[in-house]
Amino acid sequence: MRLLGAGGLLLTLSFSLGSCFTERQNEGAQLYATHCSSCHGDQGQGLERLIPPVAAADYIASNRAELPCLVRKGMQGDIVVNGIHYNQIMPGHEDLTDSQITNLLNFLQTNWGNTNQPYTIRETAELLGRCNGSDGQ
């Protein structure tokens, strides 16, 4: 059995970690395709004046603390995205785990003209604690 030197070990670890991050980004894209694209569009473009875009959306940048709860619980009522008012019901996705919501939001934060800071799982979990209520879901 051949032992790897420190350089070989670091190279092996970097390939392993790189694929882990790629898988997580791919998970975010897959979650978006499964849970969001039918309304918000394949490229996040939204649907005219009915459903807001998530691509290049000022709302994503300016409402960071609310986004995890918005994904989990949904929303209804007036919302302004890129200067346009929308007023449709968005269903929640209570079936998604904290980790899945983190990956989904990070996909949105870093694609389609959005250049926002990614979430950590810890941050997402803390923000979701605000909307989960006392039942601890």
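Criteria and thresholds
Residues numbered from 1 in each chain as written. Predicted model: local features only at pLDDT ≥ 70, side-chain atom pairs only at ≥ 80, totals over all residues. Heavy atoms only, no water. Disulfide = S-S within 2.5 Å. Helix = DSSP H or I, 4+ residues; strand = E, 2+ residues; numbered from the N terminus. Buried < 20%, exposed > 50% of the residue type's maximum accessible area, 1.4 Å probe, protein only. Contact = heavy atoms within 4.5 Å. Phe/Tyr/Trp six-rings, centres within 6.5 Å; stacked < 30°, edge-to-face > 60°. 1 Å grid on protein atoms, 1.4 Å probe; cavity = no way out; pocket = protein on both sides within 12 Å on 5 of 7 lines; lining within 4 Å. Points joined across faces, edges and corners; volume = space filled by probe spheres on them. Nonpolar A, V, L, I, M, F, W, Y, C, P; charged D, E, K, R; others polar. Core = buried A, V, L, I, M, F, W, Y, C linked by side-chain atoms within 4.5 Å. Arc of directions from axis to C-beta.

Engineer: How do you make sense of the state of the cysteines when you look at a structure like this?
Structural biologist: Note on terminology: disulfide describes a covalent bond linking the sulfur atoms of two cysteines. Across all of its chains, the model carries one disulfide by this definition. Paired through a disulfide, C69 and C131 show a sulfur-sulfur distance of 2.3 Å. With the S-S dihedral at roughly -95°, the linkage between C69 and C131 falls on the left-handed side. A residue pair is termed long-range when its members are at least 10 positions apart, and C69 in helix α4 (residues 67-73) and C131 in the segment after α6 (121-129) qualify at 62 residues. Looking at C69, the relative accessible area reads 14%, which means it is buried. For C131, a relative accessible area of 19% gives the class buried.

Engineer: Looking at this structure, how should I read the side chain of E27?
Structural biologist: Mapped onto the secondary structure, E27 falls in helix α1 (residues 6-35). Residues in contact with E27, not counting those within four places in the same chain, are Q100 and N103.

Engineer: For this particular structure, what's the right way to read the packing of aromatic side chains?
Structural biologist: For any pair of aromatic rings, the description consists of the separation of the ring centres together with the inter-plane angle of the planes. Here the structure, examined in full by the defined rule, presents three aromatic pairs. Residues Y32 and F107 carry aromatic rings whose centres are separated by 5.9 Å and whose planes lie at 40° to one another, so their mutual orientation is tilted. Residue Y32 is located in helix α1, and its partner F107 is located in helix α5 (residues 98-109); the two are separated by 75 residues in the primary sequence. Residue classification places Y32 among the buried positions, given a relative accessible area of 2%. On the numbers, 5.1 Å between centres and 85° between planes, the contact of F107 with W112 is edge-to-face. Accessibility expressed as a relative area gives 10% for F107, which makes it buried. Pairwise contacts between aromatic rings join Y32, F107 and W112 into one cluster.

Engineer: So what exactly am I meant to see when it comes to the layout of surface pockets here?
Structural biologist: Sizing a probe to match a water molecule and rolling it over the atoms shows the empty space that remains. Put simply, the largest pocket is a space of about 500 Å³. Around the largest pocket, the lining is made up of 29 residues, and of these H40, P52, V54, L70 and M90 lie nearest the centre. Counting residues per element, the ones that place at least two in the lining of the largest pocket are α1, α2 (37-40), α3 (58-62), α4, β2 (79-81), β4 (90-91) and α5. The element best represented in the lining of the largest pocket is α5, accounting for four residues. Along the lines of polarity and charge, the residues of the lining of the largest pocket split into 23 nonpolar, six polar and no charged.

Engineer: How do you make sense of the environment of A125 when you look at a structure like this?
Structural biologist: Mapped onto the elements, A125 comes out in helix α6. Residue A125 is classed as partly exposed on the basis of its relative accessible area of 30%. Spatially, the C-alpha atoms of A125 and T102 are 8.6 Å apart, while their sequence positions differ by 23 residues.

Engineer: Can you walk me through the nonpolar core in this structure?
Structural biologist: Nonpolar side chains tend toward joint burial in soluble globular proteins. Y32, L104, L105 and L108 are the most contacted members of the largest nonpolar core, which has 24 residues in total. For this core, the secondary-structure elements that each account for two or more residues are α1, α3, α4, β2, α5 and α6. Here the element with the most residues in this core is α5; it accounts for five residues. The residues contacting L105, other than those within four sequence positions of it, are L67, P68, V71 and Y119.

Engineer: I'm lost on α6 in this one. Help?
Structural biologist: Since the α-helix packs 3.6 residues into each turn, any two residues three or four apart lie on the same face. Taken residue by residue, α6 has T124, L127 and L128 as its buried positions. Seen from one end, α6 has its buried residues packed into an arc of 100°, which puts them on one side. Relative to its buried face, α6 has exposed residues pointing more than 90 degrees away, namely R122 and E126. Its buried side turned inward, α6 meets α4 and α5.

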